[in-house]
Amino acid sequence: MARIPESELILNPDGSIYHLNLLPEMISDTIITVGDQDRVARVSRHFDSVEVQVAKREFVTHTGYYKGKRISVISTGIGTDNIDIVLNELDALVNIDFVSREPVEAEDRISLKIVRIGTSGSLREEIPLGSHLATEYSMGLDTLMQFYPLMETGFETEMAVQLQLALGIGFLPYCVKGSDLLREQVGKDMIIGNTFTCPGFYAPQGRLLRLQPKLEDVIGKMQAFEYDGVRFTNFEMETAGIYSLGRLLGHEVLSVNAIVANRITHQFAENPDQIIDDMIVKVLDRV
């Protein structure tokens, strides 16, 4: 295979990958991602031991053992632009030889198990604050997949087309299903939902402060949208990027969401930290 140039696979002077500042031996094949860098320690405090602690920019990594299993937890920051960095660099750590700068042979590639733990707002009145929700389909309202050859199923593509028409937007969203394996393993007894991934927190999620959103009643349109029995339950800012790059790179990926806001009833949880902490322990026990 062709050697990857220094300008494309950028390594630090110590040989670590550019943004994450990690060497291949520093990560497990089971990875939990969180958006908030301070949440990394909230996960690793449950570890029996921590062997790796690395921080660079918003990317913080702890690797250790939980009940005898080696697990890494990594902060991604907010948005699919950061997910582009994290997923590509995690894949490089396990599937590119940093000495020869060549991808490993197909039969030797490692498939990571990646579970995102994040907060989310509900689009459905019947999903109460404090719920834990595992995402089946995620719909990306950002443009990341305009730059990758994502292969969608016919069902996914048609659902994206219908959403484009329903929202009246000038670009085609992308739709991807997460890992059935991880959803059954980690998401059992959680609400199974479908998630919009938005490219911002305010107007893209229908919030009005001083700027009037361009899309009229985006919350109502998102709530009303349905395609062949699939309805969307919540939104956040990373899941579709994780699902898409996971599919492209051959990794098992799942997003689990702590519902801390209900955009229909206009409620926000009084105890968001407890909701998140309960979900962290649940995921650790199941991965």
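Everything here concerns the structure above.
Okay, so let's go over this structure. This structure is a prediction, so every number in the text was calculated from the model and none was measured.

## Thoughts on the nonpolar core
Counting residues in hydrophobic clusters, the biggest one holds 59 residues, and the most contacted among them are Ile-32, Leu-90, Val-256 and Val-283. The element best represented in this core is helix 2 (residues 80-95), accounting for seven residues. Apart from the residues within four sequence positions on either side, Val-283 is in contact with Ile-32, Val-115, Ile-117, Val-186 and Val-256. Of all hydrophobic cores here, the second largest spans 19 residues; its members include Met-159, Leu-163, Cys-175 and Phe-235.

## Quick look at the packing of aromatic side chains
One pass over the full model with this rule turns up five aromatic pairs. An angle of 45° between the planes, with centres 6.1 Å apart, marks the rings of Phe-225 and Phe-232 as tilted. Here Phe-225 matches Phe-232 in class, with each residue buried. An aromatic cluster of at least three residues, connected via ring pairs, comprises Tyr-137, Phe-155 and Tyr-227. Note that Lys-56 overlies the ring of Tyr-18, its terminal NZ or CZ placed 4.8 Å from the centroid. For Arg-207, the ring lying beneath its charged end belongs to Phe-201, and the centroid distance is 3.8 Å.

## Describing the pattern of salt bridges
According to the stated counting rule, one finds 16 salt bridges in the structure shown. For Glu-136, the salt bridge identified is with Arg-183, shortest N-O distance 3.8 Å. Pair noted here: Glu-136 is in strand 8 (residues 132-140) and Arg-183 is in helix 4 (residues 180-186), with a separation of 47 residues, a long-range link. Residue class for Glu-136 comes out partly exposed when judged on its relative accessible area of 22%. Note that Asp-180 and Lys-177 form a salt bridge whose closest N and O atoms lie 3.4 Å from each other. You can call Lys-177 partly exposed: its relative accessible area is 26%.

## Looking at the packing of helix 2 against helix 6 (residues 239-249)
With their axes 9 Å apart at the nearest point, helix 2 and helix 6 run at an angle of 30° to one another. The angle between the axes of helix 2 and helix 6 places the two elements in the roughly parallel class. Every pair of crossing elements has a handedness; the one defined by helix 2 and helix 6 is right-handed. Of helix 6, the residues touching helix 2 (which contributes Thr-80, Ile-83, Asp-84, Leu-87, Asn-88 and Asp-91) are Gly-241, Ile-242, Leu-245 and Leu-249.

## What to know about a nonpolar patch on the surface
On the surface, Phe-201, Tyr-202 and Leu-209 cluster together into a nonpolar patch covering about 340 Å² of accessible area. Checked against the element boundaries, Tyr-202 lands in the loop between strand 10 (191-197) and helix 5 (218-224). On the accessibility criterion, Tyr-202 (43% relative accessible area) is partly exposed.

## Some remarks on the side chain of Arg-263
Looking at the element boundaries, Arg-263 is found in the loop between strand 14 (252-262) and strand 15 (267-268). Of the polar contacts made by the side chain of Arg-263, one reaches the backbone oxygen of Gln-205; its length is 2.9 Å. The residues touching Arg-263, leaving out its near neighbours within four places in the chain, are Ser-122, Gln-205, Gly-206, Arg-207, Ile-219 and Phe-235.

## A short note on unusual backbone geometry
Phi at Asn-21 is positive, roughly 60°, even though this residue is not glycine. Mapped onto the secondary structure, Asn-21 falls in the segment before strand 1 (30-34). Positioned with a positive phi, Asp-217 is a non-glycine residue whose angle comes to about 50°. As for its placement among the helices and strands, Asp-217 is situated in the loop between strand 10 and helix 5. Assessed through its relative accessible area of 52%, Asp-217 is described here as exposed.

Thresholds applied
Think of each chain on its own: its residues are numbered from 1, step by step along the sequence as written. In keeping with the model being predicted, local features are shown solely for residues with a pLDDT of at least 70 and side-chain atom pairs are shown and tallied solely at 80 or more, while totals for entire chains, interfaces and linings include all residues. Hydrogens and water molecules were not included; the side-chain quantities draw on all heavy atoms of the structure. We call a set of buried residues a nonpolar core when its members are Ala, Val, Leu, Ile, Met, Phe, Trp, Tyr or Cys and they connect through side-chain atoms within 4.5 Å of each other. Categorising residues by exposure relies on relative accessible area from a 1.4 Å probe, with only protein chains included: less than 20% of the type maximum marks a residue as buried, more than 50% marks it as exposed, and the intermediate range marks it as partly exposed. The helix count covers DSSP runs of H or I at least four residues long, the strand count covers runs of E at least two residues long, and both are numbered beginning at the N terminus. By the convention used here, residues are in contact when the closest approach between their heavy atoms is within 4.5 Å. Here a Phe, Tyr or Trp ring, Trp counted by its six-membered ring, pairs with any other such ring whose centre lies within 6.5 Å, and the pair is stacked when the planes are under 30 degrees apart, edge-to-face when over 60, and tilted otherwise. Geometrically, a lysine NZ or arginine CZ counts as sitting over a ring once it is within 6 Å of the ring centre and also within 35 degrees of the ring normal. Each reported salt bridge corresponds to a side-chain nitrogen of Lys or Arg within 4 Å of a carboxyl oxygen of Asp or Glu. Only the contacting stretch of a helix is used when fitting its axis, a line to C-alpha atoms as for every element, and angles between N-to-C directions run 0 to 180 degrees. Put simply, angles under 35 degrees are roughly parallel, angles over 145 are roughly antiparallel, angles from 65 to 115 are roughly perpendicular, and the rest are oblique. By definition, turning the near helix anticlockwise from the far helix through less than a right angle yields a left-handed crossing, and turning it clockwise yields a right-handed one. Each patch is built from salt-bridge-free residues with over 30% relative accessible area, joining like charges within 9 Å and nonpolar side chains (Val, Leu, Ile, Met, Phe, Trp, Tyr) within 5 Å. Each accessible area is a Shrake-Rupley estimate made with a 1.4 Å probe; only the visible protein chains count as cover when residues are assessed. Residues adjacent in sequence count toward polar contacts only when both atoms are side-chain atoms; beyond that, a polar contact is any pair of N or O atoms within 3.5 Å, and within protein one must be able to donate a hydrogen and the other to accept it.

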